[in-house]
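Given next are the chains, with one letter for each unit.
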Amino acid sequence: MDCKEDDFKVLDSFGKSGKRVNREENVGIYGRIEGVEEEMRHPLVKETCRLIERQSAWNPKLDIELRRLLRSMKPQQVCAVLRYQSDERVALKFFYWADQQWRYRHDPIVYYVLLQLLGRTKLCQGAKRILKLMACRRIPRRPEDFGCVMVAFSRAGHLRKAMQILTVMQRAGTEPDLSICNTAIYVLVKGNKIEKALRFLERMQLVGITPNVVTYNCLIRGYCDVHRIEDALELIAEMPYNGCYPDKVSYYTMIVFFCKQKQIDKVRELVAKMSKDSNLLPDQVTYNTIIHMLSKHGHADEALGFLREAEERGFGVDKVGYSAVVDSFCKEGRIDNAKELVNEMIVKGCPPDVVTYTAVLNGFCLAGRIDQAKTLLQHMYKHGCKPNTVTYTVLLNGLCQSGRSAEAQEIMNMCEEWWWKPNAITFSVVMHGYRREGKLSEACDVAREMIEAGFFPSPVEINLIIRSLCQEGRADEAKKFMVECLKKGCSVNVVNFTTVIHGFCQNNELDAALSVLDDMYLINKHPDAVTYTTLIDGLGKQGRMEEAIDLANKMLHRGLLPTAVTYRTVIHRFSQQCRVDDLLKLLEKMLSRQGCKTAYNQVIEKLCGLGYPDEAYKLLGKVLRTASRVDANTCHILIESYLKEGNPLSSYKVACRMFNRNLIPDLKLCDKVRDRLMQGGRVEEADKLMLQFVERGHKLPQHQRA
């Protein structure tokens, strides 16, 4: 959604009296926040995080222990616990839990740190609630805090709501500063609103907020994102006149753009411009940036050229730079070039590390040269370079892609002997390798091993196995596997249940499918419209129409909106049974909740296809209310259906009703109707039909004019 210029009015409050955290207080806050890092290794923090990780096996005893730890922790240690969490939703949950404990109150620093964390995520509503809670607790809110909420909304794709935070800040009486202005420009640039970002820049300058290099770098990034590179170059040229000189980030942003576009001459020009115009001499970081970006985007030869240039200028390119070029060669299938570069590294006294070898090994796997990849793995051990989990995962993936999943599992089972530990990706690679080979029992076994090792397959991965089992008619096994995953703490969603239901419906095991639906209610997994549609289709297929009607009514009663597939399913199954009256009643209910312009068109066309044109004719009035091109096509299908049944008189009636609604039927089709009418002795109707075309200025076929 677009943003309005009204959001810029917050700048009008600049320089006026407002709520502001003074400089001394800000320094104190920042100092305390920086102290959080020192608390990350504190035993209290580690033990608290360990208990939080056991939340799936939560019990009152653990809750008591966590409360005891909370009372002993300093504010910085609570912040360290929040930062320790890999999932910010868990951090937010812990924050609320702690806030509800007796005789405990969060220090302001905890709010500030949590907002920083949420600003890196899409948890915009959670961030906004924390901001409101700060107001309720009378905790000073800085412009940076509002900025964190803005960024969260921006990450979630809500540009309009992100910019509305400026209005919230204005109402709170917090005076804007350069940091919030930079955040607003960043949000607008990320939302592809570069022109609005420029207008915001003009507005902030008018009220006396001077932009800095961060401001301009955001705009440069915005220009590059929309491929307006000339404007970006012009902005860099203007920066010194505005009292702000470009830094290396300004140039690196455009260098990255030119690297993506493979415009190597432009990259060289920009490097020269850095040195000439801004006295920013290209250093090792500059060359590493260029080498990595070119390698990442598949320009290995160009990256190698800059690597050579860096070495000529005396900059030592490290293993990471070489590995990037090696990886790029391997991904292009140029294994020999990659091997030459690896040998060159050894000669130059820069022995390849595990990353370099892994890149080459991946290249062998991509080329289908699995045996050579295995040989390279042994070579790594001989030369004192120990393969890591990533290396083994790459090899296992190559084996599985080649249909050698059993061999991959053997290597994974020997992981302890070779001193490496499989991760979630390793297990997933082997599991899906078996699945692709149709060895579903083995795939399920690997999934169980994965869970026992402490890794949980995602709902998508679970669904892939469930669907494969159902496709083989093994819906019972699919349900058993899903329930097993659920009991062991895996995240099982509605899609997984719906897939199992669909599997039972495909096997005509409707009672089993309905039983799964009941199970969903029991464990509070709310079925969606797709779930109900699947069951309605299965019931309709077996002719259990009353149950299908009850299920459709239940779906509507629960506030679920029918989809286009729901309409097609209901129309198809009820038309098959010629239950037109029941169908119409159900359609009226569905249409009152969710409109579908072509619902009655679909009914008529389906009835015609099933050989019930008379039933379809009764609904013609509902279609001719709108008299659109789609309605004309529906009428043509009905006309053809009557012709196939040898009833041209009814076809004639349909055509007349079209004329009455100012819809012109297809002339060639009506010519067929005329011929059939003439053959049946209906000369008067045949002439009237053609006369209506003449009255509307249409030319008749040549044989009729004669």
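Only a predicted model underlies this, so the values are computations on that prediction, with no experimental measurement involved.

For the rest of this paragraph, the subject is the overall build of the protein chain. Helices and strands together make up the secondary structure of the protein chain, namely 41 helices and zero strands. Scaling as 2.2 N^0.38, a compact globule of 706 residues should have a C-alpha radius of gyration of about 27 Å, whereas the protein chain reaches 35 Å, well beyond that. Across its three principal axes, the protein chain shows a C-alpha extent of roughly 100 × 70 × 65 Å. Taking the contacts inside the protein chain whose residues are at least 6 apart along the sequence as the reference set, 64% of them involve residues at least 24 apart. With an accessible surface of roughly 35100 Å², the protein chain has 50% of that area assigned to carbon and sulfur atoms. The positive charge centre, built from 102 side chains, and the negative charge centre, built from 87, are 5 Å apart in the protein chain.

All right, on to unusual backbone geometry then. Phi is positive for Arg 138, which is not a glycine, with a value near 60°. Even without a glycine there, the phi angle at Asn 192 is positive, about 60°. Within the fold, Asn 192 resides in the loop between α10 (178–190) and α11 (194–206). Its relative accessible area of 53% is what places Asn 192 among the exposed residues.

Tracing the backbone shows Val 630 in helix α37 (residues 629–644). In this structure Val 630 comes out as partly exposed when scored by relative accessible area, which is 41%. Through-space distance from the C-alpha of Val 630 to that of Cys 124 is 43 Å; in sequence the pair is 506 residues apart. Those residues within four positions of Val 630 in sequence are excluded, and the remaining contacts are Thr 598 and Asn 601.

Now for the nonpolar core. Ranked by internal contacts, the top residues of the largest apolar core, which has 233 residues, are Phe 94, Ile 130, Ile 185, Leu 219, Met 254, Ile 255 and Leu 396. For this core, the element with the most residues is helix α6 (residues 108–118), which contributes nine residues. For Leu 219, the contacting residues outside a window of four places in its chain are Ile 185, Val 189, Ile 194, Ala 197, Leu 198, Leu 201 and Leu 235.

Turning our eyes to something else, we now look at the pattern of salt bridges. Any two side chains of opposite charge can pair if their charged atoms end up close together. Under the counting rule described, the total for this entry stands at 36 salt bridges. Between Asp 225 and Arg 221 there is a salt bridge whose closest N-O contact spans 3.3 Å. Here Asp 225 pairs with Arg 221, and both are found in helix α12 (residues 213–225), just four residues apart, close to one helical turn. Assessed through its relative accessible area of 41%, Arg 221 is described here as partly exposed. A salt bridge links Glu 615 to Lys 618, with the nearest nitrogen and oxygen atoms 3.7 Å apart. When its relative accessible area of 25% is taken as the criterion, Glu 615 is described as partly exposed.

Inspection of every chain in the model, using the stated rule, returns nine aromatic pairs. When the centroid spacing of 5.6 Å and the interplanar angle of 75° are considered together, the rings of Phe 95 and Tyr 96 count as edge-to-face. Plain terms: the ring middles of Phe 427 and Phe 455 are 6.1 Å apart, the flat faces sit at 45° to each other, and that makes the pair tilted. Of the two residues, Phe 427 is situated in helix α24 (residues 424–436) and Phe 455 in the loop between α25 (440–452) and α26 (459–471); the sequence distance between them amounts to 28 residues. Using a relative accessible area of 6% as the deciding quantity, one classes Phe 427 as buried.

Another aspect to go through is the packing of helix α38 (residues 648–660) against helix α40 (residues 683–695). Orientation of α38 relative to α40, taken along the N-to-C sense of each, is 25°, at an axis distance of 11 Å. Taken together, the axes of α38 and α40 are roughly parallel relative to one another. α40 is crossed by α38, and the crossing has left-handed handedness. Between α38 and α40, the residues in contact are Leu 649, Tyr 652, Ala 655, Cys 656 and Phe 659 and Glu 685, Lys 688, Leu 689, Gln 692 and Phe 693, respectively. Tallied by class, residues from the contact of α38 with α40 come to seven nonpolar, one polar and two charged.

Where helix α8 (residues 143–155) meets helix α9 (residues 159–171), the axes come as close as 8 Å, and the angle between the chain directions of the two elements is 160°. In terms of their interaxial angle, α8 and α9 are classed as roughly antiparallel. In this structure, α8 meets α9 at a crossing whose hand is right-handed. Contact residues: α8 offers Pro 143, Phe 146, Val 149, Met 150, Phe 153 and Ser 154, while α9 offers Lys 161, Ala 162, Met 163, Ile 165, Leu 166, Val 168 and Met 169. Of the residues contributing to the contact of α8 with α9, the split by class is 11 nonpolar, one polar and one charged.

Moving on, we get to helix α30 (residues 529–541). The end-to-end C-alpha distance of α30, which contains 13 residues, comes to 18 Å, matching closely the 18 Å that a straight helix rising 1.5 Å per residue would cover. Taken across its 13 residues, α30 has 10 buried, putting it largely inside the fold. Of the positions making up α30, those classed as buried are Ala 529, Thr 531, Tyr 532, Thr 533, Thr 534, Leu 535, Ile 536, Gly 538, Leu 539 and Gly 540. Lining the buried residues of α30 we find α28 (494–506), α29 (510–522), α31 (545–557) and α32 (564–576). A distance of 3.2 Å separates the backbone nitrogen of Val 530 from a side-chain oxygen at the start of α30, and that oxygen is part of Asp 528. Directly beyond the C-terminal end of α30, a positive phi value near 80° is found at Gly 543.

Rules of the game
Residues numbered from 1 in each chain as written. Predicted model: local features only at pLDDT ≥ 70, side-chain atom pairs only at ≥ 80, totals over all residues. Heavy atoms only, no water. Helix = DSSP H or I, 4+ residues; strand = E, 2+ residues; numbered from the N terminus. Rg over C-alpha atoms; globule rule 2.2 N^0.38 Å. Contact = heavy atoms within 4.5 Å. Areas by Shrake-Rupley, 256 points an atom, 1.4 Å probe, with all protein chains shown as cover. Lys, Arg positive; Asp, Glu negative; His and termini not counted. Charge placed at Lys NZ, Arg CZ, Asp CG, Glu CD. Buried < 20%, exposed > 50% of the residue type's maximum accessible area, 1.4 Å probe, protein only. Core = buried A, V, L, I, M, F, W, Y, C linked by side-chain atoms within 4.5 Å. Salt bridge = Lys/Arg side-chain N within 4 Å of Asp/Glu carboxyl O. Phe/Tyr/Trp six-rings, centres within 6.5 Å; stacked < 30°, edge-to-face > 60°. Axes fitted to C-alpha atoms, helices over the stretch in contact; angles between N-to-C directions. Parallel < 35°, antiparallel > 145°, perpendicular 65-115°, else oblique. Left-handed = near helix turned anticlockwise from the far one by under 90°. Nonpolar A, V, L, I, M, F, W, Y, C, P; charged D, E, K, R; others polar. Expected span 1.5 Å × (residues − 1). Polar contact = N/O pair within 3.5 Å; in protein donor to acceptor, adjacent residues only side chain to side chain.

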